[in-house]
Amino acid sequence: MKDAGLSGLNLSLDTLKRDVFQEITRRDEFEKVWKSVESALEAGFSPMKMNVVVMPGVNDTELLDFVELTRTKPINVRFIEYMPFKENR
């Protein structure tokens, strides 16, 4: 993708914990997703933008983990407000 001219990536990841990822997505694919993040960084997509939807009672205890991630990897984390629609409850 980089050779084709793609210069940046923006992805969404709402948790850094495998069990919470499985709860949110109903799939046990966290390791696969995280390996994709690492591969993209190794390919030179840096800094990478990462959107995180903060959900009360689900991933709100991970905010500092995401902040720490920005200190160890070239990732810009952007926290997105969870939209409290009736269908989202």
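Right above here is the structure, for reference.
Reading the values: the criteria
Residues numbered from 1 in each chain as written. Predicted model: local features only at pLDDT ≥ 70, side-chain atom pairs only at ≥ 80, totals over all residues. Heavy atoms only, no water. Helix = DSSP H or I, 4+ residues; strand = E, 2+ residues; numbered from the N terminus. Buried < 20%, exposed > 50% of the residue type's maximum accessible area, 1.4 Å probe, protein only. Expected span 1.5 Å × (residues − 1). Arc of directions from axis to C-beta.

1. With respect to unusual backbone geometry
Phase 1 of the analysis: Of note, the bond from Ser-46 into Pro-47 is cis; its omega dihedral lies within 30 degrees of zero at -5 degrees.
Phase 2 of the analysis: Residue placement: Pro-47 occurs in the loop between α2 (30-42) and β2 (48-54).
Phase 3 of the analysis: Of note in the backbone geometry, Arg-26 takes a positive phi value of approximately 65 degrees without being a glycine.
Phase 4 of the analysis: By relative accessible area, which is 74% here, Arg-26 ends up exposed.

2. Looking at α2
Phase 1 of the analysis: In a regular helix each residue adds 1.5 Å, so 13 residues correspond to 18 Å; α2 covers 18 Å between its end C-alpha atoms and thus fits that length.
Phase 2 of the analysis: Every buried residue belonging to α2 is among Phe-30, Trp-34, Val-37, Ala-40 and Leu-41, and all of these are buried. Taken down its axis, α2 places every buried residue within 120 degrees of arc, on the same side. In α2, the exposed residues that point more than 90 degrees away from the buried face are Lys-32, Lys-35 and Glu-42.
Phase 3 of the analysis: Among the residues trailing α2, Gly-44 stands out with phi positive, at a value near 105 degrees.

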